[in-house]
Each structure stands twice: as structure tokens, then as C-alpha cells.
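These are the residues of each chain, in order.
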Amino acid sequence: VSRETMRERLHSSIRYLLQMFPSAAAVLENLLSAKFPFPDESVRIHMAYIHNLLHVKDYVPDLRDEILDLILNRVVKIDSQMQVDLEDLDDDVTAAVMYALRENQQRMSTLEDDDSDDSDNESVDSDDLDYDQEAARIKTVKESVEKMDAVLDTLFGLFAPHFLNPGSDKAFDMFT
């Protein structure tokens, strides 16, 4: 069974359970929050979870605000942790993070989507303990920035159509 088929079956099952037990929406809300990926999980895992949350939001309108709030809270947590990490780093390491991000963006623009993280793993391989710690810190901050950017891109894609007419009721509803 393909991943997409499995995902659709899962969402169909959740819809069915919510039809049978309408009060299960509160339980689902708690589970969605409790099972959110840990901050050290990959961008791919976070984005898959967020896309599934947005899918749940479409068929459980009662949880729409809670799901968006959950996603925004996680983005704020990622951002605040990333800011703390950047403040702890010295200027050379911060510059290395920016260079790694720029290099990754250039690589992604020239290559098709590739699921391997070989380049990240190579940057951490070294016998020098100080270098390993510094490379690991660079990699952690870089991943946090990429995670936050991916989530924000998804949210902007979600909200942008609603703000084509900023004075509309739909825009005001999405803003609140």
C-alpha cells in the first residue's frame, strides 16, 4: 500500500470515529498535541505531521483554531530556541550557519528533491573534538532554521489566499 493510500485510510478512519463518537474530538485534540514531533526530529517528520494536522483541520472544523494554535506555538518555540542558540554561538559559528544555509539553498535549487542528508553527515565527521562540537551546533541551528522556514512557508501558503481581499470577513477571521 502506498504511503498516500495509507494516509487517506488513516484520515478516513479518524473521520469515521469522529462521526460515531463526536465527543472524541477533545481526545483527538490532546493526542495531536501530545504526539507532535520532538524538536530534534527532522524537517521531513515535522512537515509530514503538520500537513496531516492541516488535513485534520479541514474535516474537523471544531479543532481548526486549536490546530493552527498548536502549529504556531511550535513555530514560536523553534524560533525562540534557535535565537537562544544563535546568541550562544560566536560570530564565526553564526557565519558558518549562514554559509551552510546558503549552500543548502543553492544545492536544493540545482538538484531535484533528494531524501539523503549525506552532506550534513559529512560536515560533522572529524577527529577533532572541538570541531565536532562546533559542527554539531552548526548543524542543529541550521536544521532549526530550515524547520522554521518550511513551517512558515506552509502557513503563508495556507493564509495568503484569505488575504487577497484584506477587508473581507474571511481575512478578519483568519487574522484572529
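Describing the overall build of the protein chain
Then, number 1: Helices and strands together make up the secondary structure of the protein chain, namely eight helices and zero strands.
Then, number 2: Ordered by position in the sequence, the α and β elements of the protein chain form the string α-α-α-α-α-α-α-α.
Then, number 3: Relative to its 176 residues, the protein chain shows a buried fraction of 30%.
Then, number 4: Restricting to contacts in the protein chain with at least 6 residues of sequence separation, those with at least 24 account for 60%.
Then, number 5: Accessible surface, the protein chain: about 12,100 Å² in total, of which carbon and sulfur atoms supply 54%.

A closer look at the pattern of salt bridges
Any two side chains of opposite charge can pair, on the condition that their charged atoms come close.
Then, number 1: All told, the structure shown has six salt bridges when counted by the stated rule.
Then, number 2: The residue Arg-7 makes a salt bridge to Glu-4 at a minimum N-O spacing of 3.2 Å. Highlighted residues: Arg-7 and Glu-4, both in helix 1 (residues 3-20), separated by three residues, approximately one helical turn.
Then, number 3: Look at Arg-7 and you get partly exposed, because its relative accessible area is 26%.
Then, number 4: Relative accessible area serves as the criterion here: at 44%, Glu-4 is assigned to the partly exposed category.
Then, number 5: Residues Asp-65 and Arg-64 are paired through a salt bridge, measuring 3.6 Å at the closest nitrogen-oxygen approach.
Then, number 6: The class for Asp-65 is exposed, based on a relative accessible area of 51%.
Then, number 7: Overall, the relative accessible area of 22% leaves Arg-64 in the partly exposed class.

Here's the deal with a negative patch on the surface
Then, number 1: Together, Glu-29, Asp-62, Glu-66 and Asp-69 make up a negatively charged patch on the protein surface.
Then, number 2: Among the secondary structure elements, Glu-66 is positioned in helix 4 (residues 64-88).

Concerning the packing of helix 2 (residues 24-34) against helix 3 (residues 43-59)
Then, number 1: Axis separation between helix 2 and helix 3 bottoms out at 12 Å; the angle between their running directions is 165°. Taken together, helix 2 and helix 3 sit at an angle that is classed as roughly antiparallel. In this structure, helix 2 crosses over helix 3, and the sense of that crossing is left-handed. Contacts between helix 2 and helix 3 involve Leu-28, Leu-31 and Leu-32 from the first element and Tyr-49, Leu-53 and Val-56 from the second.
Then, number 2: Considering only residue class, the contact of helix 2 with helix 3 consists of six nonpolar, no polar and no charged.

Rules and cut-offs
Residues numbered from 1 in each chain as written. Predicted model: local features only at pLDDT ≥ 70, side-chain atom pairs only at ≥ 80, totals over all residues. Heavy atoms only, no water. Helix = DSSP H or I, 4+ residues; strand = E, 2+ residues; numbered from the N terminus. Buried < 20%, exposed > 50% of the residue type's maximum accessible area, 1.4 Å probe, protein only. Contact = heavy atoms within 4.5 Å. Areas by Shrake-Rupley, 256 points an atom, 1.4 Å probe, with all protein chains shown as cover. Salt bridge = Lys/Arg side-chain N within 4 Å of Asp/Glu carboxyl O. Patch = residues over 30% accessible without salt bridge, like charges linked within 9 Å, V, L, I, M, F, W, Y side chains within 5 Å. Lys, Arg positive; Asp, Glu negative; His and termini not counted. Charge placed at Lys NZ, Arg CZ, Asp CG, Glu CD. Axes fitted to C-alpha atoms, helices over the stretch in contact; angles between N-to-C directions. Parallel < 35°, antiparallel > 145°, perpendicular 65-115°, else oblique. Left-handed = near helix turned anticlockwise from the far one by under 90°. Nonpolar A, V, L, I, M, F, W, Y, C, P; charged D, E, K, R; others polar.

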